[in-house]
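Report on the structure
Each chain is listed here by its residues.
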Amino acid sequence: LKSDSNVYHFKKERTIVMSYADDLLVVGEQPDYIMALFQKEFLLKETSRLEDGQSAEFLGRTIRRDGNDYVLGCKQAYINEILETMNMRNCKGSATPGTTALKNPGGASLLQSGDAKHYRSVVGELMWLIPLRPDLNFATKEQQITTRTD
């Protein structure tokens, strides 16, 4: 956790807080205590609380509580939205993520500013999926490396 600047560990309270922009995820033995501390300084609204067997959505991911365990997942709608954005809704899967022939296509030109912004946005969305879908790691990395933007 020391390597992540958005994760805070309250050792004495045995509670972890993950922050992203204006969203917080509080997990541990004393979430009410931590929330009370934050509410003294910030205007916070609790949107959900995970009881055993329940799930909630946080930053496009689903979190399900199963006893003392938390299971992370992703809604299919998030993946469908990326496919729709890239006009790949009806694409077919491949057993291999790419070939060397596709790495440096001849005559490739730089993406224009608008296209480059769109491209970077989609790569970011895919990178957000990688911890949950490691099968996307290689192809996303290759696209990030081999596509030229201005």
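These figures come from a predicted structure and were not determined experimentally. (Residues numbered from 1 in each chain as written. Predicted model: local features only at pLDDT ≥ 70, side-chain atom pairs only at ≥ 80, totals over all residues. Heavy atoms only, no water.)

For helix α1 (residues 31-41), every residue scored as buried is listed here: Ile34, Met35 and Phe38. Projected down its long axis, α1 carries its buried residues within an arc of 100°, all on one side. Each element contacted by the buried residues of α1 is listed here: β1 (7-10), β2 (15-20) and β3 (23-28). (Buried < 20%, exposed > 50% of the residue type's maximum accessible area, 1.4 Å probe, protein only. Helix = DSSP H or I, 4+ residues; strand = E, 2+ residues; numbered from the N terminus. Arc of directions from axis to C-beta. Contact = heavy atoms within 4.5 Å.)

Our focus in this paragraph is the pairing of strand β6 (residues 69-74). Where strand β5 (residues 61-66) lies against β6, six bridges are found, and the strand directions are antiparallel. Its bridge partner lying in β6, Arg65 is registered against Tyr70. The loop that links β5 with its antiparallel partner β6 comprises two residues; one of these, Gly67, has a positive phi angle of about 70°. (Pairing = 2+ DSSP bridges.)

Another aspect to go through is the sheet that holds strand β4 (residues 55-58). Each strand in a sheet pairs with its neighbour through backbone hydrogen bonds, running either in the same direction (parallel) or in the opposite one (antiparallel). The antiparallel open sheet is built from three strands, whose spatial order is β4-β5-β6. On the outer flanks of this sheet lie β4 and β6, each paired with one strand and no other. Between one strand axis and the next, the sheet turns by 30° as a mean value, whatever way the strands run. (Axes fitted to C-alpha atoms, helices over the stretch in contact; angles between N-to-C directions.)

Here the focus is the layout of surface pockets. A volume near 800 Å³ is recorded for the second largest pocket. Looking at the second largest pocket, it is lined by 28 residues, and the ones nearest its centre are Leu24, Leu25, Val26, Glu46 and Ser48. Secondary-structure elements contributing two or more residues to the lining of the second largest pocket are β3, α1, β4 and β5. The element that contributes the greatest number of residues to the lining of the second largest pocket is β3, accounting for six residues. (1 Å grid on protein atoms, 1.4 Å probe; cavity = no way out; pocket = protein on both sides within 12 Å on 5 of 7 lines; lining within 4 Å. Points joined across faces, edges and corners; volume = space filled by probe spheres on them.)

The subject of this paragraph is the environment of Arg65. Tracing the backbone through its elements, the reader meets Arg65 in strand β5. A relative accessible area of 22% means that Arg65 is categorised as partly exposed. Not counting residues within four places of it along the chain, the set of residues in contact with Arg65 comprises Leu50, Glu51, Asp52, Gly53, Gln54 and Tyr70.

Let us look at the packing of helix α2 (residues 76-85) against helix α3 (residues 113-129). Relative orientation of the contacting elements α2 and α3 amounts to 155°, with a least axis distance of 11 Å. Classified by the angle their axes make, α2 and α3 are roughly antiparallel. The two elements α2 and α3 cross, and the hand of that crossing is left-handed. The residues of α3 that touch α2, namely those facing Tyr78, Ile79, Ile82 and Thr85, are His118, Val122, Glu125, Leu126, Trp128 and Leu129. Of the residues that constitute the contact of α2 with α3, the class distribution is seven nonpolar, two polar and one charged. (Parallel < 35°, antiparallel > 145°, perpendicular 65-115°, else oblique. Left-handed = near helix turned anticlockwise from the far one by under 90°. Nonpolar A, V, L, I, M, F, W, Y, C, P; charged D, E, K, R; others polar.)

The subject of this paragraph is the sheet that holds β3. As summarised here, the arrangement of the three strands in space is β1-β2-β3, forming an open sheet in which the pairing is antiparallel. Two strands close off the open sheet at either side, each with one partner strand: β1 and β3. Taking the axes of each pair of neighbouring strands and ignoring which way they run, one obtains an average angle of 15° across the sheet. The pairing of β1 with β2 spans four bridges and is classified as antiparallel. If you follow Val7 over to β2, its bridge partner there is Met18. Across the face of the sheet, α1 comes into contact with β1, β2 and β3 while running at roughly 145° to β3.

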